[in-house]
Amino acid sequence: MYVLAVIEDKLTTIPEFFDRQRSEVLIEQIEVKYSNKVILDVGLCICFYDFLQVGDAYIYPSEGSAIQEVKFRVVIFRPFVGGRLQIINNGSK
């Protein structure tokens, strides 16, 4: 049902976030970009799990934003054929 998937991506950090902790900013960007989204042939991305590799940040002259390659794992909901889900409804008001 739940698996970990490895994703590599280039993330852009705008200058307003340079004063914050780098890992916090990257996690926030990953959560916004991937959480509650379906990744084709992978499944529904639930949340960030951990970093595997964080590359150096490069600032290109024309942009001012820091761009870095990040390799990380996310928790994926991927039901399989024959799997069972138990749903509990406590009622609604």
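Please refer to the structure higher up on the page.
Residues numbered from 1 in each chain as written. Predicted model: local features only at pLDDT ≥ 70, side-chain atom pairs only at ≥ 80, totals over all residues. Heavy atoms only, no water.

**Remarks on the pattern of salt bridges**
Turning to step 1, where the next piece is worked out: Summed over the entire model, instances satisfying the criterion amount to three salt bridges.
Turning to step 2, where the next piece is worked out: As a salt-bridge pair, Asp9 and Lys33 come within 2.6 Å of each other at their nearest N and O atoms. Here Asp9 is found in strand 1 (residues 2-13), whereas its partner Lys33 is found in helix 1 (residues 22-34), with 24 residues between them in sequence.
Turning to step 3, where the next piece is worked out: Residue Lys33 is classed as partly exposed on the basis of its relative accessible area of 41%.
Turning to step 4, where the next piece is worked out: Between Glu28 and Arg20 there is a salt bridge, and its shortest N-O distance comes to 2.9 Å. (Salt bridge = Lys/Arg side-chain N within 4 Å of Asp/Glu carboxyl O. Helix = DSSP H or I, 4+ residues; strand = E, 2+ residues; numbered from the N terminus. Buried < 20%, exposed > 50% of the residue type's maximum accessible area, 1.4 Å probe, protein only.)

**Brief notes about the side chain of Ser35**
Turning to step 1, where the next piece is worked out: With respect to the helices, strands and loops of the structure, Ser35 is situated in the loop between helix 1 and strand 2 (38-39).
Turning to step 2, where the next piece is worked out: Within polar-contact distance, the side chain of Ser35 engages the backbone oxygen of Ile46 at 3.5 Å.
Turning to step 3, where the next piece is worked out: Residues within four places of Ser35 in sequence aside, it is in contact with Ile30, Cys45, Ile46 and Cys47. (Polar contact = N/O pair within 3.5 Å; in protein donor to acceptor, adjacent residues only side chain to side chain. Contact = heavy atoms within 4.5 Å.)

**Re unusual backbone geometry**
Turning to step 1, where the next piece is worked out: One non-glycine residue, Asn36, lies in the positive phi region at around 65°.
Turning to step 2, where the next piece is worked out: Tracing the backbone shows Asn36 in the loop between helix 1 and strand 2.
Turning to step 3, where the next piece is worked out: Asn36 sits in the exposed class, given a relative accessible area of 65%.

**As for the packing of aromatic side chains**
Turning to step 1, where the next piece is worked out: In total, this model carries four aromatic pairs according to the counting rule given.
Turning to step 2, where the next piece is worked out: Taking 6.4 Å as the distance between ring centres and 40° as the angle between the ring planes, the aromatic pair formed by Phe48 and Phe72 counts as tilted. Of this pair, Phe48 sits in strand 3 (residues 43-54) while Phe72 sits in strand 5 (residues 66-77); the two residues are 24 residues apart in sequence, bridging distant segments of the chain.
Turning to step 3, where the next piece is worked out: For Phe72, a relative accessible area of 0% translates into the label buried.
Turning to step 4, where the next piece is worked out: Three or more aromatic residues link up through ring pairs in this structure, and these residues are Tyr34, Phe48, Phe51 and Phe72.
Turning to step 5, where the next piece is worked out: Seen from the ring of Phe17, Arg20 lies directly overhead, with NZ or CZ sitting 5.0 Å from the centre. (Phe/Tyr/Trp six-rings, centres within 6.5 Å; stacked < 30°, edge-to-face > 60°. Lys NZ or Arg CZ within 6 Å of the ring centre and 35° of its normal.)

**Digging into helix 1**
Turning to step 1, where the next piece is worked out: Over its 13 residues, helix 1 extends 18 Å from the first C-alpha to the last, a length consistent with the 18 Å expected when each residue adds 1.5 Å.
Turning to step 2, where the next piece is worked out: All of the buried residues in helix 1 are Val25, Leu26, Gln29, Ile30 and Tyr34. In an axial view of helix 1, the angular spread of the buried residues amounts to 135°, which keeps them on one side of the axis.
Turning to step 3, where the next piece is worked out: Looking at the buried residues of helix 1, the elements they touch are strand 1, strand 2, strand 3 and strand 5.
Turning to step 4, where the next piece is worked out: In the stretch just after helix 1, Asn36 is the one whose phi turns positive, near 65°. (Expected span 1.5 Å × (residues − 1). Arc of directions from axis to C-beta.)

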